[in-house]
Every structure is written in structure tokens, then in C-alpha cells.
Amino acid sequence: TDDLIEQAKAILRRNDRGGYTVPTHGLYPFQWNWDSCLSALGFSHFDEERAWTEIDTLFANQWPDGMVPHIVFHEEDDGYFPGPDVWRTGRPVPTSGITQPPVAGFAVRRLVDRARDPELAADRARALLPKIHAWHEWFYRCRDPQGTGLVAIIHPWESGRDNSVDWDDVFERVPTDGVEPFSRRDIQHANPSHRPTQAQYERYIWLVQRFRSLGWDNTKLHDASPFQVVDPGFNAILIRSCSDLADLAERFELGEIAAQARAFAERGVAAMEALWSDAMGQYLCQDRTTGKLIQSPSIAGLLAGFAELPSPRAAAIAKRLTLLGEQVDYLVPSHDPSQPAFDSLRYWRGPVWLIVNYMIADGLTRSGQASVAQRIIADSLRLIEQSGFAEYYDPHTAEPCGGDQFTWTAAIVIELLS
Ligand code: DGY
């Protein structure tokens, strides 16, 4: 155990670029939004100051409208595509123009709850709270213009689950004409059979060009996007962050933020019911353009358990996980292995990701589903012991996939073992 923690700390230090960490050397040479917030959890066990700085640096690059971008390009590095010259968002420190799962509210609350230096924690949290709340307000204003209580993502990269099976049908609607020629860099750093396909990349870039042509104006992008998907995992993260932020705001006597954040969370929990599928026994994504649920049993519907859900729903998620656990050696596969589109090696179409395991286990523990949660944690640690600190893993064989020496994988190991 001590040895694993030491190895994990060494990875965090190696990927530390000063005020931020890179997810991994080579493949992802900048600061990524949810990577940073979850990596802060790892730092907090041995360097609280550094943990806060990780989140501060991200929020220093928040947009005036409240959005927190998914990538901050602190330094030039032509080993990544698409770089700042493709995004052209016009920010002082270049950033991408889309966002990522809002785990910051959750992470900050966790840092405060277990602070060994409560004064430092109170100072830093108090400064971050209004910024995180502004991001949440941005979500409900710009990504839920009809006021449904649930937000849509407008690009698969926003979900963090870039090439999930969930997006396949909606992607039929995303054209590729007018996509400027590009050369991918990801497949020079990682095995191409672990990565998204060229056809997917063309659509990722078409969406970027479309949004860029609208000047990255978030009052327009949602309605203009042919890709508008309501993701239950993404919304659960937002709901959890809103309710964690509400708790913190109450503690710090920030009454207005507390009331608004609580209202977002409560409305969100109620609205989640629209994504429930009795037939699949889990939550599903919704195609906002057609209003239909997407019949794709992915990990998004299980990550939903990260929010505080009605207890029959949490029990149903635990049951789904138990069934999946009979099909794989390592929970949680990012897609149902009994489905034809399942691919045990390809990014989010099957492999196991430690950060998602952590969030699902955390939510289920809170909902009283401890035994499944324990299996998820035990499987996660077995993966590390067998295959090191990879980006993701084959749920049947534990084969390490994608990048290695991965920051957030290491951070979660510290979090689980400390
Ligand atoms: C990538 O480049 O693969 C990232 O996941 C996009 O954020």
C-alpha cells in the first residue's frame, strides 16, 4: 500500500508543471478541467496548498460568461491537436471553447471537509465558491435554455466520454463537409486501436469549426448545435456539485448562493426521472433534438448514482452493476459487454476508468449500496497492482490502455488508499 501511494505521488510530481498538472506527458500536454479538479484530491493528502492551486489555476481561466473551459493551453506544444490555432477563442491564456464535467464543487467540498489546515481551506474555498456558482449558473442559463432542469452537452468532448456508443446515432446528424484538413497527434502517442476513429475526429472538428464561426457566443451555441445530448452522468455530477456547493455556502453564510445552488440540485434530481428507463434498468442519455432516449446502456446511466437519487433508483443501479460484474473481471466497464458495439480496448466504448469508478462507488456508498461499492474499489486496486497507473483498462484482461503514468489515475489511488 505505502509503495503504491509513493508511486502515485511520484506521478503527480512528475506531471506537475508548477500551478497545474498535465494529465500525462505527450498525449495531453496542457491543463484539463476535470482532470485537474480530481487530481487536486490526490495532492490534498500530502500537499494541501498545491491541491488548492490546481483548482485556482483552472478558475483563473474562467470565461467572463461563467464557463470554465475544458483545456487551458498554458504553454505552446505542437504535440497536441486541436491546439489554440484551431479553437481561436481569443482568451488571454488560450483555451478551448467548450466545457467539461463540473466536478469542482464536489472536489472543493471534499478538500474543505478533510482539511488539516482549516484556515487555508476556508480562505481558498470562500474565494472559489462564487466562481464555481457562476459556472453552474452558466450551465443552467446556456445549456438549458428551456428550463427543463437538465443541461445538454453540445460536443462529445464535454462529456469526457469522447467516443461513447451513446453518441453514434446523433453523430449521423453531424456533417463533415468543410472540415479543414488536419493531422491527428493522439495516435502518435497512443495505440490507434485504443482511440476514437478518424470518422469521429472529423465530426469533433466540424463542431469546433461551427462554434468558432459563431464567435464562441454561448447565447447561440446550444441552439445552433446539431449535437445536443442530455447525459445522466454529466447532470449527476452537476447536481452533486450544486448540492455540495450549497452545503459549503451555508457553512460560510453565503445565503443567496446556498439557496440558488440548493434549488438547482433539487430541480435537477426531479428532472432526472425523465432519463430513467425501466427496460434497461438504468438511466439513459436523451437526444434533445428529438426528445427521445438513446437506447445505449453505457456507464453514463450508472454514474448517475453520484448524485443523491431516490433510493429505489440507487438500488437499481447497484443491481445493474452486479449483473455487469458477472460479465467482466473488473468493474465498471464503460459500456455493457453484452452489446454489439462494446469494444474492450477503445477508450469509452468498453474500458474501465478509475475516476468514474471512484465517483460511482462514492455515490453508492452514500446511498447505502456499500457492497457493490466495495467490489468496485477492490477491482480498481487490482487493476493498479496488475497494470500500473494507466489511462484506462480492458475490463476482461486488465490490459493497460491509452496513456501511462496518468495523473488522475494516480490521484484516485492516493484517495482510495489514504
Ligand atoms: C482528447 O484530445 O482526446 C481529449 O479527450 C479531448 O479533450
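Novice: Quick question: what am I supposed to make of the site of the ligand here?
Specialist: Taken together, Tyr28, Trp32, His70, Tyr80, Trp157, Asp162, Arg195, Tyr201 and Tyr347 make up the full set of residues near the ligand. In the model, an oxygen atom of the ligand is placed 2.6 Å from a nitrogen or oxygen of the Asp162 side chain. At 2.8 Å, a side-chain N or O of Arg195 approaches an oxygen atom of the ligand. Burial of the ligand by the surrounding chains reaches 95%, relative to a free accessible area of 230 Å². Looking at the shell around the ligand residue by residue, the class counts come to 6 nonpolar, 1 polar and 2 charged.

Novice: What's the story with the packing of helix 3 (residues 48-59) against helix 5 (residues 104-113) in this structure? I'm lost.
Specialist: Packed helices, taken two at a time, are described by the angle their axes make and the gap between the axes. One can describe the packing of helix 3 onto helix 5 by two numbers: an axis separation of 11 Å at closest approach and a directional angle of 155°. When the axes of helix 3 and helix 5 are compared, the pair comes out roughly antiparallel. The element helix 3 and its partner helix 5 pack so that their crossing is left-handed. Residues Ala51, Trp52, Ile55 and Phe59 of helix 3 form the contact with helix 5, whose own contacting residues are Ala104, Ala107, Val108, Leu111 and Val112. Here the residues of the contact of helix 3 with helix 5 sort into 9 nonpolar, no polar and no charged.

Novice: Would you explain unusual backbone geometry in this entry?
Specialist: With the exception of glycine, the majority of residues adopt a negative phi angle, and the majority of peptide bonds are in the trans configuration. The step from Phe81 to Pro82 runs through a cis peptide bond, and the omega angle for that step is 0°. The peptide bond linking Leu331 to Val332 adopts the cis configuration, its omega dihedral lying at 0°. With phi around 55°, Tyr347 is a residue other than glycine that occupies positive phi space. By the element assignment, Tyr347 lies in the loop between helix 15 (311-327) and helix 16 (354-366).

Novice: Can you help me understand the packing of aromatic side chains in this one?
Specialist: The description of an aromatic ring pair rests on the distance of the ring centres and on the angle between the ring planes. Evaluated as defined, the whole model comprises 31 aromatic pairs. Summarising the aromatic geometry, the rings of Trp87 and Trp216 are spaced 5.7 Å apart at their centres and angled 35° between planes, so their arrangement reads as tilted. Of this pair, Trp87 sits in helix 4 (residues 84-87) while Trp216 sits in the loop between helix 10 (198-213) and helix 11 (221-224), placing them 129 residues apart in sequence. The pair Trp87 / Trp216 is uniform in exposure class, with both members buried.

Rules behind the numbers
Residues numbered from 1 in each chain as written. Predicted model: local features only at pLDDT ≥ 70, side-chain atom pairs only at ≥ 80, totals over all residues. Heavy atoms only, no water. Near = heavy atom within 4 Å. Polar contact = N/O pair within 3.5 Å; in protein donor to acceptor, adjacent residues only side chain to side chain. Areas by Shrake-Rupley, 256 points an atom, 1.4 Å probe, with all protein chains shown as cover. Nonpolar A, V, L, I, M, F, W, Y, C, P; charged D, E, K, R; others polar. Axes fitted to C-alpha atoms, helices over the stretch in contact; angles between N-to-C directions. Helix = DSSP H or I, 4+ residues; strand = E, 2+ residues; numbered from the N terminus. Parallel < 35°, antiparallel > 145°, perpendicular 65-115°, else oblique. Left-handed = near helix turned anticlockwise from the far one by under 90°. Contact = heavy atoms within 4.5 Å. Phe/Tyr/Trp six-rings, centres within 6.5 Å; stacked < 30°, edge-to-face > 60°. Buried < 20%, exposed > 50% of the residue type's maximum accessible area, 1.4 Å probe, protein only.

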